[in-house]
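Here is how the chains run, residue by residue.
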Amino acid sequence: MHCTRKVLEDLVWVGADDRRLVCFEGVYGVPDGVSYNSYVMLDEKTVLFDTVDKAVSQTFFENLAYALNGRNLDYLVITHMEPDHAATVQDLVLRYPGVKIICNAKIKTMLAQYFDMNIDENMIIVKEGDSISFGRHELSFVMAPMVHWPEVMMAYDKTDGILFSADAFGTFGALNGRLFADETDFFTENIDEARRYYTNIVGKYGPQVQAVLKKASALDIKLVCPLHGFVWRKDFDKYLEKYLLWSSYTPEEKSVMIAYASVYGHTENAANIMATLLVERGVKVRMYDTSVTPASYIVSDSFRCSHLIFAATTYNAGVFVTMENLLRDIAAHNLQGRKIAILENGSWAPTSGKQMRDILAPLKNTEFIGENITIRSSVKDGQLAEMEALADTIAAELK
């Protein structure tokens, strides 16, 4: 039985929700599931925009058949070759023989890497600015390399102002019957998962996102149809503002994110003292235990907050493993322009602080606040004065 929704009278969402997925890409927990979006345009010719993950293929093919209502599928536009959107391409070709595939040269190469099928005669290779008419609708194509794979492109419908944005402007979370962002209280209910999606999936490629946003600014966009999450038909400018901040690594808020790694609770106590000192000075604090909270949530708030404090015990002459993993993840995502303070702990040879700095120092426009605060086993009165001074410095900057 089908489960489709109309985006417009001649554009139908034929995707599916997956609430059984535990880890997206095997890394990012998705407690609220994820949607795989696919859209079919019903013009003089029928046009499908991307397919779905194999986990929801049965639902997808039922939805597509219902939307086509007996018509043949004429074209498939592939904007992104990641398997959560392209895994069912070969099955689609078998079900709709003769379907013409519209893609760019890099997508063509990846199709041959993923699938063994001879479809060269049915492929239409497009490049930046090319246009194709399907009747009432005319599509043009915008290349979007490294947002977040090198082959990515977007498709723009000149007729109705629809941007098919690939993985850009997506979010974690199942749709739960709601297709449009305005059917939710998006900036209350969904913005955290949208931020976590962007920062972890696309965050490393801020300059490339900025380049695509510059291209998109020249288009008259009335609808945005991403491959995950909600379709935007109103207030998209508010979401675009977030993307402009995230992709330029500009903090969303003047606040402090504290992440700590503690074995027996002494480093945790130091982090709690630091948080208390900051809150007493009117500073907004977000706080995480790296042994409990998955790194993707902490990476997300590292993009959100202006100041970061990392506190970790020394472990095996290095940084405690969950903190080291987090810091390398932050570095891999290319976070920039943050002010960072370091607290280290060690009972006989505290060395975690220097190594934490070494991981973060290469990040562009990173500024460390003062020297590392060193704790030997547990916080003593001497360290308290240093921590109060750090809190004073941060509070003065934020005010």
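As the structure is a prediction and not an experimental result, all values here were calculated from the model. (Residues numbered from 1 in each chain as written. Predicted model: local features only at pLDDT ≥ 70, side-chain atom pairs only at ≥ 80, totals over all residues. Heavy atoms only, no water.)

Another point: the packing of aromatic side chains. In the structure shown here, the tally under the stated rule is 25 aromatic pairs. Aromatic pair Phe172 and Tyr197: ring centres 5.3 Å apart, planes at 80°, arrangement edge-to-face. In this pair, Phe172 sits in the loop between strand S15 (162-164) and helix H5 (186-189) while Tyr197 sits in helix H6 (residues 191-202), placing the two residues 25 residues apart along the sequence. Summarising the burial analysis for this pair, Phe172 and Tyr197 share the class buried. Measuring from centroid to centroid gives 4.8 Å for Phe186 and Trp232, while their planes differ by 75°, and the two rings are edge-to-face. One end of the pair, Phe186, is in helix H5; the other, Trp232, is in the loop between strand S16 (223-225) and helix H8 (236-247), with 46 residues separating them in the sequence. By the burial criterion, Phe186 is buried, and Trp232 matches it. (Phe/Tyr/Trp six-rings, centres within 6.5 Å; stacked < 30°, edge-to-face > 60°. Helix = DSSP H or I, 4+ residues; strand = E, 2+ residues; numbered from the N terminus. Buried < 20%, exposed > 50% of the residue type's maximum accessible area, 1.4 Å probe, protein only.)

As a further point, take the pattern of salt bridges. The final tally for this structure, using the stated rule, is 23 salt bridges. Note that Asp130 and Lys127 form a salt bridge whose closest N and O atoms lie 3.6 Å from each other. Within this structure, Asp192, Arg195, Lys242, Glu252, Asp301 and Arg304 form a network of salt bridges that share partners. (Salt bridge = Lys/Arg side-chain N within 4 Å of Asp/Glu carboxyl O.)

A grouping of Val263, Tyr264 and Tyr315 is seen on the molecular surface, where their side chains present a nonpolar patch of about 370 Å² in accessible area. Residue placement: Tyr315 occurs in strand S19 (residues 305-315). (Patch = residues over 30% accessible without salt bridge, like charges linked within 9 Å, V, L, I, M, F, W, Y side chains within 5 Å. Areas by Shrake-Rupley, 256 points an atom, 1.4 Å probe, with all protein chains shown as cover.)

Before going further, it helps to examine the packing of H6 against helix H10 (residues 295-304). In contact at an axis separation of 9 Å, H6 and H10 are set at 95° when each is read in the N-to-C sense. One element, H6, and the other, H10, form an angle in the roughly perpendicular class. In this structure, H6 contributes Asp192, Glu193, Arg195, Arg196, Thr199 and Asn200 to the contact, and H10 contributes Ser296, Tyr297, Val299, Ser300, Phe303 and Arg304. Among the residues making up the contact of H6 with H10, the classes are represented as three nonpolar, four polar and five charged. (Axes fitted to C-alpha atoms, helices over the stretch in contact; angles between N-to-C directions. Parallel < 35°, antiparallel > 145°, perpendicular 65-115°, else oblique. Contact = heavy atoms within 4.5 Å. Nonpolar A, V, L, I, M, F, W, Y, C, P; charged D, E, K, R; others polar.)

Turning our eyes to something else, we now look at the nonpolar core. Counting residues in hydrophobic clusters, the biggest one holds 91 residues, and the most contacted among them are Val7, Leu111, Phe141 and Tyr239. Counting residues per element, this core draws most heavily on H6, at six residues. Residues within four places of Tyr239 in sequence aside, it is in contact with Phe169, Gly170, Phe186, Phe187, Ile191, Ala194, Trp232 and Trp246. Membership of the second largest hydrophobic core comes to 25 residues, among which are Ile298, Cys305, Leu335 and Met356. (Core = buried A, V, L, I, M, F, W, Y, C linked by side-chain atoms within 4.5 Å.)

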